[in-house]
There are 2 protein chains.
Amino acid sequence: MSTWFTRRRPAVELPRLSPRTPPATVRVDLHEVMPDLLPYLGQAAYLQLEQFQTLSRVAADTDSLAAKEVVSGAAGLALSKHQGIIAEIRRRGDEPAEVMRPFAEEIEGFRALLVGSDWRETLLAALMTGGLLDDFFIRLAGGLPGDVGPRIAHLLGSDSGQEGLLEVLRGEIAADAQLGSRLAMWGRRLVGDTLLVARSALHLSGNRADEERIEPIFTELIAAHTRRMDALGLTA
Amino acid sequence: MSTWFTRRRPAVELPRLSPRTPPATVRVDLHEVMPDLLPYLGQAAYLQLEQFQTLSRVAADTDSLAAKEVVSGAAGLALSKHQGIIAEIRRRGDEPAEVMRPFAEEIEGFRALLVGSDWRETLLAALMTGGLLDDFFIRLAGGLPGDVGPRIAHLLGSDSGQEGLLEVLRGEIAADAQLGSRLAMWGRRLVGDTLLVARSALHLSGNRADEERIEPIFTELIAAHTRRMDALGLTA
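Analysis parameters
- Residues numbered from 1 in each chain as written.
- Chains lettered and ligands numbered in written order.
- Predicted model: local features only at pLDDT ≥ 70, side-chain atom pairs only at ≥ 80, totals over all residues.
- Heavy atoms only, no water.
- Helix = DSSP H or I, 4+ residues; strand = E, 2+ residues; numbered from the N terminus.
- Buried < 20%, exposed > 50% of the residue type's maximum accessible area, 1.4 Å probe, protein only.
- Contact = heavy atoms within 4.5 Å.
- Areas by Shrake-Rupley, 256 points an atom, 1.4 Å probe, with all protein chains shown as cover.
- 1 Å grid on protein atoms, 1.4 Å probe; cavity = no way out; pocket = protein on both sides within 12 Å on 5 of 7 lines; lining within 4 Å.
- Points joined across faces, edges and corners; volume = space filled by probe spheres on them.
- Nonpolar A, V, L, I, M, F, W, Y, C, P; charged D, E, K, R; others polar.
- Salt bridge = Lys/Arg side-chain N within 4 Å of Asp/Glu carboxyl O.
- Least-squares fit on C-alpha atoms with pLDDT ≥ 70 in both.
- Expected span 1.5 Å × (residues − 1).
- Arc of directions from axis to C-beta.
- Axes fitted to C-alpha atoms, helices over the stretch in contact; angles between N-to-C directions.
- Parallel < 35°, antiparallel > 145°, perpendicular 65-115°, else oblique.
- Left-handed = near helix turned anticlockwise from the far one by under 90°.
- Buried area = accessible area lost by both parts, 1.4 Å probe.
- Polar contact = N/O pair within 3.5 Å; in protein donor to acceptor, adjacent residues only side chain to side chain.
- Phe/Tyr/Trp six-rings, centres within 6.5 Å; stacked < 30°, edge-to-face > 60°.

A. Here's a closer look at the overall build of chain A. Looking only at helices and strands, chain A features nine helices and zero strands. In chain A, the succession of helices and strands from N to C terminus is α-α-α-α-α-α-α-α-α. Across the 236 residues that make up chain A, the buried fraction comes to 56%. The long-range share in chain A, meaning contacts at least 24 apart out of those at least 6 apart in sequence, stands at 82%. As displayed, chain A has an accessible area near 10300 Å², and 53% of this comes from carbon and sulfur atoms.

In structure tokens form, the structure reads like this:
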């Protein structure tokens, strides 16, 4: 499961994904590595904007009216989540553009990576990275101060239209014998960069204690990712 | 006001826009030229989808986070209108993709024309064509059978976020001495094609009576277009 990961970016210290890692129910103390509230909101808001941008591009690029319908609907749901987080930032008296700005370059760079050679690849990228990063930010929300955490977790956990997107991709895979293996490869290319975006949200000192602290979270994220790829009949 | 129009597409018979045309309050009997309900809904739904696609492209293309915010919000409003019309089609037991399909080629071709050399041009195109076509479809809604007309007119007449879009463009024009005249030219290039899309919704026999019947409507549409360009300090 971890080979692509260590192979891809050997220079960056990444969470080790050993098969001995305990199951997903383990409680992890995120206190030491939690981002502050505003950066958390800024990054989460920008990631939903990224998801909106990626999905609306897919909606525009496909010729299938049925796919346009499903994908534009999912884009609208990402936009609503983005606007919900923006409202949370405004409620605190902060300026959303200022709070998001520190993440613009990283996330726009990330978004550029998600654009595949056709709309099906871009759609898989949106599904995969959106699912993984939503899971991650929901998980982090538990460490936020006050009552904002549950509100954000509820918002991020609300419908993303993923079922419809999976349905569209399953239909495409069934209709094109070559597509499945191409998408499986494409998914493997993207997961490393997605995990790096997640990792960038954390205050990591680079010491072994921090790495051990976050390892179970990343193991969970990858397990959920694998289940999503399975749901498409693709090997993660 | 009509020179560009007759100059641009001399081969196509277009509504004559004489300066003697009576003012906009004149009552026009659209009965003879009204589209049937389903084609009306299909074309109106696809045009909102086009507006969503064009605006979300602008949101993705601009680097300004403040503009991204305003433009993605307007894209979301167009998507909501699209979804509202789709719901109306479903309520009648029809399949939205089937009902929209006859308009796909024309409107996707139209959408390709709206993509300018930068996001400001594309944004002007969205504002201008969205405003004009919304006005037109609201006007036509009065001729629909049953209670669907008022519902659609209300939906199309609800907030499109145009004020915010105007604000963004005004800021861009104020900051760039060359932009105003470039946008004015760009707007003139697009208005003919936009009126042709509107015209395509009507059952026109090509006789003089039909042309005289619809002329006041097109005069109104162009007057409203001119006011929108004025609001940007641009010559229509």
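B. Focus on the layout of surface pockets. In this structure, the largest pocket encloses a volume near 240 Å³. Around the largest pocket sit A:Gln53, A:Ser56, A:Arg57, A:Ala60, A:Asp61, A:Arg111, B:Gln53, B:Ser56, B:Arg57, B:Ala60, B:Asp61 and B:Arg111, which together line it. At the level of elements, helix H2 (37-61) of chain A together with helix H2 (37-61) of chain B are the ones that each hand at least two residues to the lining of the largest pocket. Broken down by class, the residue content of the lining of the largest pocket amounts to two nonpolar, four polar and six charged.

C. Layout of the pattern of salt bridges. Residues and elements named next belong to chain A. One pass over the structure, following the stated rule, counts 38 salt bridges over all chains. One salt bridge in this structure joins arginine 120 and glutamate 172, with 3.0 Å as the shortest N-O distance. Residue arginine 120 is located in helix H5 (residues 119-141), and its partner glutamate 172 is located in helix H7 (residues 162-175); the two are separated by 52 residues in the primary sequence. The structure contains a network of salt bridges with shared partners spanning Asp118, Arg120, Glu121, Glu172, Asp176 and Arg182.

D. Quick peek at the relation of the copies chain A and chain B. Once turned by 180° and shifted 0.0 Å along the axis, chain A lies on chain B with an RMSD of 0.0 Å. Viewed as a symmetry operation, the transformation between the two copies matches a two-fold axis. A share of 100% of the interface residues of chain A reappears at the interface of chain B, consistent with the copies meeting face to face through the same patch.

E. How the structure looks around H7(A). Residues and elements named next belong to chain A. A rise of 1.5 Å per residue sets the reference length of H7, with its 14 residues, at 20 Å; its end C-alpha atoms lie 20 Å apart and thus fit the reference within 8%. Of the positions making up H7, those classed as buried are Gln162, Leu165, Leu166, Val168, Leu169, Glu172 and Ile173. One side of H7 holds all its buried residues, which, seen down the axis, span an arc of 160°. Exposed residues lying more than 90 degrees from the buried face of H7 are Glu163, Ala174 and Ala175. For H7, the elements touching its buried residues are H2, helix H3 (65-91), H5, helix H8 (179-200) and helix H9 (208-231).

F. Main features of the packing of helix H5 (residues 119-141) of chain B against helix H6 (residues 148-157) of chain B. All names here are of chain B. Running from N to C, H5 and H6 cross one another at 160°; their axes reach a closest spacing of 8 Å. Between H5 and H6, the crossing angle belongs to the class labelled roughly antiparallel. The interaxial crossing formed by H5 with H6 has left-handed handedness. Along its contact with H5, which presents Asp134, Phe137, Ile138 and Ala141, the element H6 presents Gly149, Ala153, Leu156 and Gly157. Split by residue class, the contact of H5 with H6 holds five nonpolar, two polar and one charged.

G. Highlighting the environment of A:Ala141. Residue and element names in this part refer to chain A. By the element assignment, alanine 141 lies in helix H5. On the accessibility criterion, alanine 141 (2% relative accessible area) is buried. In this structure the C-alpha to C-alpha distance between alanine 141 and tyrosine 40, which are 101 residues apart in sequence, comes to 8.6 Å. Setting aside its immediate chain neighbours within four residues, alanine 141 contacts Tyr40, Gly149 and Ala153.

H. Quick look at the interface of chain A and chain B. Taken residue by residue, the interface counts 24 residues in chain A and 24 residues in chain B. Each partner contributes to the roughly 1800 Å² buried at the junction of chain A and chain B, and carbon and sulfur atoms together form 65% of this total. Taken together, chain A and chain B are joined by two salt bridges. A salt bridge links B:Lys68 to A:Glu108; the shortest N-O distance between them is 3.4 Å. The tally of links between chain A and chain B comes to nine residue pairs in polar contact (both at pLDDT 80 or more). Sort the elements by how many residues they give to the side of chain A that touches chain B and H3(A) lands first, with 12 residues. For the side of chain A that touches chain B, the per-class residue count stands at 12 nonpolar, seven polar and five charged.

I. Structural view of empty space enclosed by the protein. Residue and element names in this part refer to chain B. Within the structure shown, the criterion is met by six cavities of 30 Å³ or more. Empty space within the largest cavity amounts to approximately 170 Å³. Lining the largest cavity are 21 residues, with Leu47, Gln48, Gln51, Gly130 and Asp134 sitting closest to its centre. Elements that contribute at least two residues to the lining of the largest cavity include exactly H2, helix H3 (65-91), H5 and helix H7 (162-175). The leading source of residues in the lining of the largest cavity is H5, at seven residues.

J. Main features of the packing of aromatic side chains. Applying the stated rule across the entire model yields seven aromatic pairs over all chains. Between A:Phe136 and A:Phe218 the ring centres are 5.8 Å apart and the planes differ by 50°, which places this aromatic pair in the tilted class. You can see A:Phe136 sitting in helix H5 and its partner A:Phe218 sitting in helix H9, a full 82 residues away along the chain. As far as burial versus exposure is concerned, A:Phe136 and A:Phe218 are alike and both buried. Between B:Phe136 and B:Phe137, the ring centres sit 5.5 Å apart and the planes meet at 90°, which makes this aromatic pair edge-to-face. Of the two residues, B:Phe136 and B:Phe137, both sit in the buried class. Aromatic rings pair up to connect A:Tyr40, A:Phe136, A:Phe137 and A:Phe218 into one cluster.

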